[in-house]
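Okay, here's what each chain looks like letter by letter:
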Amino acid sequence: MAQNSEPRRELWILGVQPGNGREEIIFSYLEAAGYACRLEEYDNIEKGRPLGIVLDISPFSDDGWGLLLKIKGAPATRNIPVLPVFLSEKGKVGGVFPVAGFFMLPVDEQYLLDRLAVYGLTEDAETWDLQALVVSRSGEAKLSKAIESTGFEVVKGYTGKEALALTSIHPHYMAFCSHMLPDMSGFELLEKFRIFPYSRNIPIFVLLKAEMKSGEKAAMSREIAHLVSKKQLSCEEFLANLRRRE
């Protein structure tokens, strides 16, 4: 029998500076689930073809937010799945933020529609009366129009609290949320969605600005820090966000 010479694709850890050992705990968690993983650099992504990226976005990261914008802003890398995590100064896993995906603003409409089709999220829109929730200070008219073209009814919330109120009275099929809202971050909204039955399983896509100033990146990291557990997530708690590989 011919052997497959294709090298095993790995998960890459980005946002962690080499040499300080902060990656060791998350390495052990990923390996327990059957993943091959390595600490890598952004410049190697295009030729390295990682299976996915685990990205540290904590205040202790090596420009985690900047890396996220680069990855999702480049056509060659924007389809690579990214799992944002919070690693403490010692590398303990404090939080995991399993968003369905990221889109850059202004939205590339054709790319948006193509990705939603790949995820299988547009198949039932013409058959059933389904709602998509758009949560943004501006309402994102271009994004909303593209979503409506697939058959969804778009419902808009302009703050995180309004989005929570809307999901408490009616289920939504998927949600799109700005990375920062007037009253909370998109990641905090994701955490709150997990609490309630109507919103627990909503796929949520985070909308990113093309650029973030250093102050905005620091503010986002502080927002994330408020959400994380003061104790380290166990291996089982972390792996609940990933599929095990045999």
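Residues numbered from 1 in each chain as written. Predicted model: local features only at pLDDT ≥ 70, side-chain atom pairs only at ≥ 80, totals over all residues. Heavy atoms only, no water.

## A word on the overall build of the chain
Along the backbone of the chain there are nine helices and ten strands. Here the C-alpha atoms of the chain give a radius of gyration of 18 Å, agreeing with the 18 Å that 2.2 N^0.38 yields for 246 residues. Along the three orthogonal principal directions, the C-alpha set of the chain runs to about 50 × 50 × 35 Å. Per-residue burial for the chain yields a buried fraction of 49% across its 246 residues. Total accessible area on the chain is roughly 12,800 Å²; 49% of this is exposed by carbon and sulfur atoms. (Helix = DSSP H or I, 4+ residues; strand = E, 2+ residues; numbered from the N terminus. Rg over C-alpha atoms; globule rule 2.2 N^0.38 Å. Buried < 20%, exposed > 50% of the residue type's maximum accessible area, 1.4 Å probe, protein only. Areas by Shrake-Rupley, 256 points an atom, 1.4 Å probe, with all protein chains shown as cover.)

## With respect to the layout of surface pockets
Unoccupied space between atoms shows up once a probe the size of one water molecule is rolled over them. Of the volumes computed, that of the second largest pocket is approximately 230 Å³. Considering the residues around the second largest pocket, the lining is formed by Pro-98, Val-99, Ala-100, Leu-190, Phe-193, Arg-194, Ser-199, Arg-200, Asn-201, Ile-202, Pro-203 and Ile-204. Taken together, the residues that form the lining of the second largest pocket break down as eight nonpolar, two polar and two charged. (1 Å grid on protein atoms, 1.4 Å probe; cavity = no way out; pocket = protein on both sides within 12 Å on 5 of 7 lines; lining within 4 Å. Points joined across faces, edges and corners; volume = space filled by probe spheres on them. Nonpolar A, V, L, I, M, F, W, Y, C, P; charged D, E, K, R; others polar.)

## Examining the packing of aromatic side chains
The full count for this structure, using the stated rule, is ten aromatic pairs. Relative to Tyr-173, the ring of Phe-152 lies with its centre 5.7 Å away and its plane at 35°, an arrangement referred to as tilted. Note that Phe-152 is positioned in the loop between α5 (141–148) and β8 (153–157) and Tyr-173 in the loop between α6 (160–169) and β9 (174–178), a separation of 21 residues in sequence. Phe-152 gets classed as buried once you look at its relative accessible area, which sits at 4%. The class for Tyr-173 is partly exposed, based on a relative accessible area of 27%. These aromatic residues form a ring-pair network of at least three members: Phe-103, Tyr-111, Tyr-119, Phe-176 and Phe-205. (Phe/Tyr/Trp six-rings, centres within 6.5 Å; stacked < 30°, edge-to-face > 60°.)

## So, the confidence of the model for the chain
For the chain, per-residue confidence averages 91 on the pLDDT scale, and 95% of positions sit at 70 or higher. This model gives residues 1–6 a pLDDT under 50, and the stretch forms one contact once residues within four places in sequence are excluded. (pLDDT = per-residue confidence, 0-100. Contact = heavy atoms within 4.5 Å.)

## Quick look at the sheet that holds strand β1 (residues 11–14)
Here we have five strands laid out as an open sheet, ordered β2-β1-β3-β4-β5, and mixed in their pairing. Two strands close off the open sheet at either side, each with one partner strand: β2 (37–39) and β5 (93–96). Taken over all neighbouring pairs, the strand axes of this sheet differ in orientation by 25° on average, direction set aside. Docked against the sheet, helix α1 (residues 24–32) engages β1, β2, β3 (52–56), β4 (82–87) and β5, running at close to 165° with respect to β2. (Pairing = 2+ DSSP bridges. Axes fitted to C-alpha atoms, helices over the stretch in contact; angles between N-to-C directions.)

## Observations regarding the pairing of strand β6 (residues 101–104)
Of the two faces of β6, the one holding Gly-101 and Phe-103 and the one holding Phe-102 and Met-104 are both buried throughout. Pairing of β6 with strand β10 (residues 204–208) involves four bridges; the strand directions are parallel. When the bridges of β10 are listed, Gly-101 appears paired with Phe-205.

## Description of the sheet that holds β9
The strands making up a sheet associate through backbone hydrogen bonding, with each pair oriented either parallel or antiparallel. Taken together, the five strands give an open sheet; going across it, the order is β6-β10-β9-β7-β8, and neighbouring strands pair in parallel fashion. At either margin of the open sheet sits one strand with a lone partner, and together these are β6 and β8. Sheet twist, expressed as the average angle between the axes of neighbouring strands with direction ignored, equals 25°. Sheet topology note: the strand β7 (residues 131–135)/β8 ladder contains five bridges and is parallel. Each bridged residue has a counterpart across the sheet, and for Leu-133 the counterpart in β8 is Val-155. Lying over the sheet, α6 contacts β7 and β8, oriented at roughly 135° with respect to β8.

## Section: the packing of α6 against helix α7 (residues 186–193)
Across the interface, α6 lies against α7 with an axial gap of 10 Å and an inter-helix angle of 25°. Judged on the interaxial angle alone, α7 and α6 are roughly parallel. In this structure, α6 crosses over α7, and the sense of that crossing is right-handed. Residue-level contacts link Gly-160, Ala-163, Leu-164 and Thr-167 of α6 to Leu-189, Lys-192 and Phe-193 of α7. (Parallel < 35°, antiparallel > 145°, perpendicular 65-115°, else oblique. Left-handed = near helix turned anticlockwise from the far one by under 90°.)

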